[in-house]
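# Inside the fold
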Amino acid sequence: MFYLQKSFRPKAIRKCYYHTMPQQCRNIGWFARIPRAERDAIFGLVEDFQKDTSKPKVNLGIGVFRTDEDKPYILKCVQKAEEKILKKRMDKEYSPVAGFEIFKKLSMDFTFGKSSVFNKPGRHVTFQGLSGCGGLSIAAQFLRMFYPGRKMVYISDPTWPNHQNLFNKLGLKTDTYRYYDAENISLDFDGMMEDIHKMPYRSIILFHASAHNPTGFDPTEEQWKEITEEVKKRKLYVIMDNAYQGFASGDLNKDAQSFRIMAKRRVNMVLVTSYAKNFGLYGERVGATSFLVDSKHEADKILSQLILLIRANHSNPPLHGARIVEEVFTDPCLTKLWIEELKIMANRLKSARKQLLQKLKETGSSRNWDFITKQIGMFSYTGLTKEQIIRLQKEFHIYMLTSGRLAIPGITSKNVEYVAKCIHKVTS
Ligand SMILES: Cc1ncc(COP(=O)(O)O)c(C=O)c1O
């Protein structure tokens, strides 16, 4: 049936005419004209993998930790913390808009360290974010509204695909700086420094605090110091994306060196910490975001605006994940267990890297795969081409991002030989 547009119908009959339209036609004017968005690269791949009924199949797409048996891992310290929480029979009232004070204090102790000058009232404004994405999102909205400098966020090339999506959707433009040397499969430190040097004053720059996603290459301590000096010269505002502290190397302090070096040199920054990977609390959406500030006066004003933004976004952060983190940080036995488990997870990834390298060498591949064990964290940026990755998926049911990013947790003792042989097949 054909329906005249509302505005072309006489007013008198408009109302009753509209209400006699079948339900499915009412939004035809504009819902149907919405362009279909591209699928999220990472979660889209997960869907494809789940639909694939072939055996064997291997998921090297998503960045979540897996045991050597290819199972999700619930940390024991998390389980014990949950038991303690359950016994306390805590209520389910709303948490404060910016999160509980104790959680925020413990997060500052964890990230910057108990003795940091910034870990004092009036030197930081911290809120509980919805994991890393939620923290980045509120920080981006805040910068869009109030940052007085150039509202352009420089992100590394390449970076985690959601960075560009997130900033652009929230009204901040993005541009890139060089980070990866594809020819030598390494960090392009000189390229990065040159690009930072050319950035307009007071732009915004995003760094990955550790375990750069997707390349797995981090600057050394000395290089972070050089970056810090250049950032200061250009008066850049830093967004530090801290998604892997403790999980990258197994050492909580080493993985924090990037932003601790910058904080010591008084770089202006916001630190966005996620507890998804290092606590295995992916779906609980727990994280902490801290703006470093100079005075209590500044802190109060910033917090007042953040509270408004959070109210407009998710209103109050979830309780459960924050309670777990709080429990682990406050109980010395659980903290000790957590640190041990972090090392176990980091070592499992290191060992999967070694096994993959070994098996690739055994295939007789003429390529140099040594970079696999030089990279750190969840991912290996393999240098495989899009065509090779499509072949891996179509012919061998091995799923990875077409950028060449391979998620190391998907490698197990059982599948490593198969994966190595298939990679060799598509690269020789
Ligand atoms: C670089 C980086 N930033 C942020 C995140 C945020 O993740 P979440 O929102 O799950 O904490 C991730 C997760 O993969 C990441 O790799």
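Residues numbered from 1 in each chain as written. Predicted model: local features only at pLDDT ≥ 70, side-chain atom pairs only at ≥ 80, totals over all residues. Heavy atoms only, no water.

## A short note on the side chain of glutamine 375
Checked against the element boundaries, glutamine 375 lands in the loop between α13 (371-374) and β11 (379-381). For glutamine 375, a relative accessible area of 3% corresponds to the buried category. A polar contact of 2.7 Å, which involves the side chain of glutamine 375, links it to the side chain of serine 380. In contact with glutamine 375, other than residues within four places in its own chain, are Ile185, Thr215, Gly216, Phe217, Arg353, Ser380 and Tyr381. (Helix = DSSP H or I, 4+ residues; strand = E, 2+ residues; numbered from the N terminus. Buried < 20%, exposed > 50% of the residue type's maximum accessible area, 1.4 Å probe, protein only. Polar contact = N/O pair within 3.5 Å; in protein donor to acceptor, adjacent residues only side chain to side chain. Contact = heavy atoms within 4.5 Å.)

## Regarding the pattern of salt bridges
This structure, assessed with the given rule, holds 21 salt bridges. In this structure, the salt-bridge partner of aspartate 48 is arginine 39, at a minimum N-O distance of 2.9 Å. Looking at aspartate 48, the relative accessible area reads 23%, which means it is partly exposed. Taking the shortest distance from any N to any O, the salt bridge between lysine 421 and glutamate 417 comes out at 3.4 Å. Of this pair, lysine 421 and glutamate 417 both sit in helix α15 (residues 416-427), four residues apart, which is roughly one turn of the helix. The exposure class of glutamate 417 is partly exposed, given its relative accessible area of 38%. Linked by salt bridges that have partners in common, Lys84, Lys88, Glu327 and Asp331 make up one network. (Salt bridge = Lys/Arg side-chain N within 4 Å of Asp/Glu carboxyl O.)

## Observations concerning the environment of leucine 130
With respect to the helices, strands and loops of the structure, leucine 130 is situated in the loop between β2 (124-129) and α5 (131-146). Given the relative accessible area of 24%, leucine 130 is considered partly exposed. Considering only alpha carbons, one finds leucine 130 and leucine 306, 176 residues apart in sequence, at a separation of 14 Å. Sequence-distant contacts of leucine 130, defined by excluding residues within four places in its chain, comprise Gly135, Arg285, His314, Pro317 and Pro318.

## Considering the UniProt feature "domain: Aminotransferase class I/classII large" (unreviewed entry) in the protein
Following the UniProt record, one finds the feature "domain: Aminotransferase class I/classII large" (unreviewed entry) at residues 56-421. Structurally, residues 56-421 is divided into 44% helix and 15% strand, and its ends, taken at the C-alpha atoms, are 13 Å apart. (UniProt positions renumbered as here; feature names shortened; annotations may be inferred.)

## Some details on the pairing of strand β7 (residues 204-208)
Look at any regular strand and the pattern is simple: side chains alternate between the two faces of the sheet. Among the five residues of β7, five are classified as buried, and the element is accordingly described as predominantly covered. Burial along β7 is two-sided: the face carrying Ile204, Leu206 and His208 and the face carrying Ile205 and Phe207 are both buried. Pairing analysis gives two bridges linking strand β3 (residues 152-157) to β7, with the strands arranged parallel. Pairing of tyrosine 154 across the sheet is with isoleucine 205, part of β7. Where β7 meets strand β8 (residues 237-242), five bridges bridge the pair, whose relative direction is parallel. By the bridge assignment, phenylalanine 207 is partnered in β8 with methionine 240. Handedness of the β-α-β unit built from β7, helix α8 (residues 221-233) and β8 comes out right-handed. (Pairing = 2+ DSSP bridges. Right-handed = clockwise from strand over helix to strand, strands pointing away.)

## With respect to α8
For an α-helix, the turn length of 3.6 residues means that residues three or four places apart are oriented alike. In a regular helix each residue adds 1.5 Å, so 13 residues correspond to 18 Å; α8 covers 19 Å between its end C-alpha atoms and thus fits that length. For α8, every residue scored as buried is listed here: Gln223, Trp224, Ile227, Thr228, Glu230 and Val231. Where α8 is buried, its residues touch β6 (186-187), α7 (189-198), β7, β8 and α9 (257-264). Once α8 finishes, lysine 235 follows within two positions and takes phi at roughly 55°, a positive value. (Expected span 1.5 Å × (residues − 1).)

## Side note on the nonpolar core
Counting 94 residues, the largest nonpolar core has Phe207, Ile227, Met240 and Trp338 as its most contacted members. At 10 residues, helix α12 (residues 332-362) tops the list of elements feeding residues into this core. When residues no more than four places from it in sequence are discounted, the contact partners of tryptophan 338 are Leu75, Cys77, Phe110, Leu252, Asn278, Phe279, Val328 and Phe329. With 39 residues, the next largest nonpolar core counts Ala140, Leu170, Leu172 and Ala299 among its residues. (Core = buried A, V, L, I, M, F, W, Y, C linked by side-chain atoms within 4.5 Å.)

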